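# Structural overview for review
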Amino acid sequence: MTATSHRGSSRIFIWALFVLFLTFSWPLYQLVRFAWGSELYSHVILIPFVSAYLVWLKRPQLGWSGIRLGRLWPIIAFSAGTGFFIWYFIEQSSPTPQLQDTLALAVYALVLFLTGICCWLLSRATLRAVAFPLGFLLCLAPFPLAVEAGVETLLQHGSSIVAQTFFQIIGTPVFREGTVFRLPGFNMQVAPECSGIHSTLALFITSLVAGQLLLRSNWSRSVLALSVLPIALLRNGLRVTTIGELCVRIGPEMIDSYIHRHGGPIFFAISLIPFSLLLLLLLKFDRAENRPIPPHR
């Protein structure tokens with residue numbers, strides 16, 4: 001491509017982005033307001049800045065020259081984005097629209113349209129460089145309400161099973177019915193708000209960014225991201241066990257103690273220990289795998 005065609009492509013790209021973000025200005029404004037007032041989705045405001053930083057790190061690999069994808073991938077992305085955009089308007093016009101669901105649909109449509117623009121105008125090499133930052137923008141979307149409820153239920157019941165195992169290991173008599181624990185002189189329940197979904201989501205996003213910045217192979221990045229669920233269940237199970245033991249050993253009033261009401265950051269910090277150890281182990285394997293083989297003499 002000539003310098004003139006490069007300038008033409010860059011102008012088209014800038015104008016396409018301008019039109020895209022202008023079109024989605026209202027749902028983006030709603031998203032910022034929603035995230036600002038949400039404890040679970042407060043991270044959303046930082047996602048574009050993290051994504052932009054990851055693109056900036058890849059700047060030596062960016063350029064307009066090179067082989068581009070065929071027409072198929074932009075068509076697929078634009079078609080899927082149009083589908084989500086229509087779905088967004090249908091949800092918006094329903095008698096009782098759910099803001100969280102409509103915002104999720106708007107973000108999916110936005111990211112798909114943006115992907116279509118990139119597939120249309122950027123070279124394959126540039127697309128490979130920006131693939132993760134582009135996909136990372138999906139973290140802008142809040143969970144649809146049904147998905148959020150499903151994740152809470154999974155964490156709630158999984159943590160209850162882990163806590164029961166911990167109680168049995170330390171020898172505390174326990175009888176569990178679902179998420180209700182019957183302990184000596186005290187009963188307690190792992191409520192949905194005690195599922196640990198906030199810290200689990202924070203750890204998952206951390207795993208994605210840490211894997212991209214520190215690890216080289218896709219398998220090690222996948223292992224790090226997939227480790228978040230078992231670590232989250234162990235963390236929350238430990239928290240439930242600790243609170244239950246305090247209530248049994250000291251008194252039921254410990255259910256209103258600091259460690260129950262405000263102990264989330266403490267147990268999140270504890271969960272960073274196995275997460276960090278796994279990351280160090282993966283770094284070691286990653287470096288060994290990518291170490292150049294010395295030539296034979």
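These remarks concern the structure in this document. (Residues numbered from 1 in each chain as written. Predicted model: local features only at pLDDT ≥ 70, side-chain atom pairs only at ≥ 80, totals over all residues. Heavy atoms only, no water.)

### Section: the overall build of the chain
Within the chain one finds twelve helices and three strands. Counting every position in the chain, which comprises 297 residues, the buried fraction comes to 41%. Restricting the contact set of the chain to residue pairs at least 6 apart, pairs at least 24 apart contribute 75%. Carbon and sulfur atoms make up 69% of the accessible area of the chain, which totals about 16900 Å². On the chain, the mean spot of the 21 positive side-chain charges and the mean spot of the 12 negative ones are 22 Å from each other. (Helix = DSSP H or I, 4+ residues; strand = E, 2+ residues; numbered from the N terminus. Buried < 20%, exposed > 50% of the residue type's maximum accessible area, 1.4 Å probe, protein only. Contact = heavy atoms within 4.5 Å. Areas by Shrake-Rupley, 256 points an atom, 1.4 Å probe, with all protein chains shown as cover. Lys, Arg positive; Asp, Glu negative; His and termini not counted. Charge placed at Lys NZ, Arg CZ, Asp CG, Glu CD.)

### Side note on the pattern of salt bridges
Applying the stated criterion to the full structure yields two salt bridges. Of the charged contacts, one joins Arg-182 and Glu-177 as a salt bridge, the two residues approaching to 2.8 Å between their closest N and O atoms. A relative accessible area of 37% means that Arg-182 is categorised as partly exposed. Overall, Glu-177 belongs to the partly exposed group, its relative accessible area being 40%. Across the salt bridge formed by Arg-249 and Glu-245, the nearest N and O atoms sit 2.9 Å from each other. Of this pair, Arg-249 and Glu-245 both sit in helix 10 (residues 228-249), four residues apart, which is roughly one turn of that helix. Look at Arg-249 and you get exposed, because its relative accessible area is 59%. (Salt bridge = Lys/Arg side-chain N within 4 Å of Asp/Glu carboxyl O.)

### Notes on the packing of aromatic side chains
Inspection of every chain in the model, using the stated rule, returns 16 aromatic pairs. With centroids separated by 6.0 Å and ring planes inclined at 20°, the aromatic side chains of Phe-84 and Trp-87 adopt a geometry described as stacked. Here Phe-84 pairs with Trp-87, and both are found in helix 4 (residues 72-92), just three residues apart, close to one helical turn. With a relative accessible area of 24%, Phe-84 lands in the partly exposed category. The exposure class assigned to Trp-87 is partly exposed, which follows from its relative accessible area of 44%. Three or more aromatic residues joined by ring pairs make a cluster, and in this case those are Phe-24, Phe-78, Phe-85, Tyr-88, Phe-89 and Phe-113. Sitting above the plane of the Trp-56 ring, Arg-59 keeps its charged end 3.9 Å from the centroid. (Phe/Tyr/Trp six-rings, centres within 6.5 Å; stacked < 30°, edge-to-face > 60°. Lys NZ or Arg CZ within 6 Å of the ring centre and 35° of its normal.)

### A short note on the packing of helix 9 (residues 218-226) against helix 10
One can describe the packing of helix 9 onto helix 10 by two numbers: an axis separation of 5 Å at closest approach and a directional angle of 25°. If you check the angle between helix 9 and helix 10, you find them roughly parallel. From helix 9, Leu-224, Ala-225 and Leu-226 reach across to helix 10, where they touch Val-228, Leu-229 and Pro-230. Here the contact of helix 9 with helix 10 is composed, by residue class, of six nonpolar, no polar and no charged. (Axes fitted to C-alpha atoms, helices over the stretch in contact; angles between N-to-C directions. Parallel < 35°, antiparallel > 145°, perpendicular 65-115°, else oblique. Nonpolar A, V, L, I, M, F, W, Y, C, P; charged D, E, K, R; others polar.)

### Things to note about the environment of Ala-225
Here Ala-225 shows up in helix 9. Placed 16 residues apart in sequence, Ala-225 and Val-209 show a C-alpha to C-alpha distance of 9.7 Å. The contacts of Ala-225, once residues within four sequence positions are left out, are Phe-204, Ser-207 and Leu-208.

### Remarks on the side chain of Ser-160
Following the sequence through the fold, Ser-160 ends up in helix 7 (residues 145-170). Excluding residues within four positions of it along the chain, Ser-160 makes contact with Arg-176, Gly-178, Thr-179, Phe-181 and Val-190.

### Notes on the sheet that holds strand 3 (residues 186-189)
Hydrogen bonding along the main chain pairs the strands of a sheet, whether they run parallel or antiparallel. Strand order across the open sheet formed by three strands is 1-2-3, with antiparallel pairing between neighbours. Both edges of this open sheet fall to strand 1 (175-177) and strand 3, since each of them pairs with a single strand only. For this sheet, the mean angle separating the axes of adjacent strands, direction not counted, is 20°. Here strand 1 pairs with strand 2 (residues 180-183) via three bridges, running antiparallel. Across the sheet, the residue bridging to Glu-177 is Val-180, located in strand 2. Along the sheet, helix 7 contacts strand 1, strand 2 and strand 3; its crossing angle with strand 2, the most-contacted strand, is approximately 15°. (Pairing = 2+ DSSP bridges.)

### Observations regarding the nonpolar core
Ranked by internal contacts, the top residues of the largest apolar core, which has 45 residues, are Phe-13, Leu-20, Phe-24, Leu-114, Cys-118, Leu-137 and Leu-140. Top element by residues in this core is helix 5 (residues 99-121). It accounts for 14 residues. Setting aside its immediate chain neighbours within four residues, Leu-114 contacts Leu-17, Leu-20, Leu-134 and Leu-137. Of all hydrophobic cores here, the second largest spans twelve residues; its members include Met-188, Val-240, Ile-243 and Cys-247. (Core = buried A, V, L, I, M, F, W, Y, C linked by side-chain atoms within 4.5 Å.)

### Re a nonpolar patch on the surface
Judged by side-chain polarity, Leu-238, Tyr-258, Ile-266, Ile-270, Ile-273, Leu-277 and Leu-280 come together as a nonpolar surface patch covering roughly 680 Å² of accessible area. In terms of residue count, helix 12 (residues 264-290) provides more of the nonpolar patch than any other element does, five residues in total. Among the secondary structure elements, Ile-273 is positioned in helix 12. (Patch = residues over 30% accessible without salt bridge, like charges linked within 9 Å, V, L, I, M, F, W, Y side chains within 5 Å.)

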